[in-house]
Amino acid sequence: MKYIDEFRQQDLAKQLAGAIAATVDPGRHYRLMEFCGGHTHAIFRYGVQDLMPANVEFVHGPGCPVCVLPTGRIDNAIQLVEQHDVILCTYADLMRVPASGHNSLLKAKAAGGDIRMVYSTQDALRIARENPRRPVVFFAIGFETTTPPTAVAIQQARAEGLANFSVFCNHVLTPAAMRAILDAPQPVAIDAFLGPSHVSSVIGSRPYEVFAEQYDKPIVIAGFEPLDVMQSALMLIRQLNAGQHTVENEYSRAVSRDGNLKAQILSAEVFEPRATFEWRGLGLIADSALQIRAEYADFDAERRYPIPEIRASDVKGCECPAILRGAKKPQDCKLLGTVCTPENPMGSCMVSSEGACAAYWSYGRLRGASVEAG
């Protein structure tokens, strides 16, 4: 494992920038989608886009689980608190994501709901132990990266007999979203993908091979540091120039072809695919999420409580859905930087620490775009 500083060296960044400039075809435009919001933030935090030739464009993708969670599922969580008097445990990013009627988990908490921010599934289990007479629901969310810890929590709750603990499962699957983006009725123009880092450390690089084969899209699994992103961009450009479309692994220090088999087996023991699940910006996608297996039904909040399917609309004028599928950039949204700010977010892209709008705001890209426009 390398030290982080080795992947932030200025002289190496200059060398990579020179190599990219020498490799691109001046008559061609390269559109590289970074699926993960961690890449988006690295690109703008370290000025990677500014080191690219003008004809190399990063297209922002789904970003993170908080970004793609539909409004209706947040409405469901609020209903659990208000109608069933549960203690709802969730991660910080979810607290401010807008729900229907200008509501949010944070506002529901301010109104008296027992909603608690936790740092891990173990925090939620501890709260269940400390409150044996109260139902405790963990609002589980995440790509394949955070699924194993939720599986551990469910197995641990069963072993301990924590009858007051259950999970509201919202774990989603990365490859299904990539397929939905490529199969969209009006697909976004994408030449290649920067594959997710942490997700791939769990599932490996193998699941992406089908996209390279069926859609002729090069994919490079990229690390989160600036030199990772630049090297991955160079690898993609070389593939595109050569007319190739394979899966390459730049992040080999953490990702293998088969991934973390132990984590995969653990997740499969507790979870199974859902028939369909709604993604913000992408709509209903078949086999794109997980649900708790019948063997663990006692710890499934969706079996324990009536949780209706809610199809809710996003805030009017918010372009977050289009941004998540790469159809628009944050600066295309009229609300960004005016009505929509980190203190008053209108969409999940501004709330999440990995959201594209948050990246533009945090690293001055919104202000830079405004100056250029003026």
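See the structure printed just above.
Model, not experiment: these values are computed from the prediction.

## A word on the packing of aromatic side chains
Given two aromatic rings, their pairing is described by the distance between the two centres and the angle made by the two planes.
Then step 1. In total, this model carries 6 aromatic pairs according to the counting rule given.
Then step 2. For the pair Tyr91 and Phe138, a centre-to-centre distance of 5.6 Å together with 85° between the ring planes defines the contact as edge-to-face. Taken together, the residues Tyr91 in the loop between strand S3 (87–90) and helix H5 (105–110) and Phe138 in strand S5 (residues 136–142) connect sequence positions 47 residues apart.
Then step 3. Aromatic rings pair up to connect Phe35, Phe143 and Trp279 into one cluster.
Then step 4. The lysine or arginine in question, Arg253, covers the ring of Phe7, its NZ or CZ lying 3.8 Å from the ring centre.

## Let's talk about the side chain of Asn164
Then step 1. When you line up the elements, Asn164 lands in the loop between helix H7 (147–160) and strand S6 (165–171).
Then step 2. Side-chain polar atoms of Asn164 contact the backbone oxygen of Asn131, separated by 2.9 Å.
Then step 3. Here Asn164 is in contact with Ala128, Asn131, Pro132, Arg134, Pro135, Val136 and Arg304, once residues within four sequence places are set aside.

## Description of the nonpolar core
Then step 1. Residues Leu88, Leu94, Leu105, Val137, Phe139, Tyr208 and Trp279 are the most contacted members of the largest nonpolar core, which totals 69 residues.
Then step 2. Setting aside its immediate chain neighbours within four residues, Trp279 contacts Val68, Phe143, Val172, Leu173, Ala177, Ile285 and Ser288.

## Structural notes on helix H1 (residues 10–23)
Then step 1. In a regular helix each residue adds 1.5 Å, so 14 residues correspond to 20 Å; H1 covers 20 Å between its end C-alpha atoms and thus fits that length.
Then step 2. For H1, the set of buried residues is Ala13, Leu16, Ala17 and Ile20. Taken end-on, H1 shows its buried residues confined to a sector of 105°, consistent with a single buried face. Along H1, exposed side chains directed more than 90 degrees from the buried face belong to Lys14, Gln15 and Ala22.

## Considerations on the side chain of Lys329
Then step 1. Along the chain, Lys329 falls in the loop between helix H14 (320–324) and helix H15 (348–351).
Then step 2. Residue contacts for Lys329: discarding those within four places in its chain leaves Glu57, Phe58, Val59, His60, Ile323 and Tyr360.

Quick notes on the rules
- Residues numbered from 1 in each chain as written.
- Predicted model: local features only at pLDDT ≥ 70, side-chain atom pairs only at ≥ 80, totals over all residues.
- Heavy atoms only, no water.
- Phe/Tyr/Trp six-rings, centres within 6.5 Å; stacked < 30°, edge-to-face > 60°.
- Helix = DSSP H or I, 4+ residues; strand = E, 2+ residues; numbered from the N terminus.
- Lys NZ or Arg CZ within 6 Å of the ring centre and 35° of its normal.
- Polar contact = N/O pair within 3.5 Å; in protein donor to acceptor, adjacent residues only side chain to side chain.
- Contact = heavy atoms within 4.5 Å.
- Core = buried A, V, L, I, M, F, W, Y, C linked by side-chain atoms within 4.5 Å.
- Buried < 20%, exposed > 50% of the residue type's maximum accessible area, 1.4 Å probe, protein only.
- Expected span 1.5 Å × (residues − 1).
- Arc of directions from axis to C-beta.

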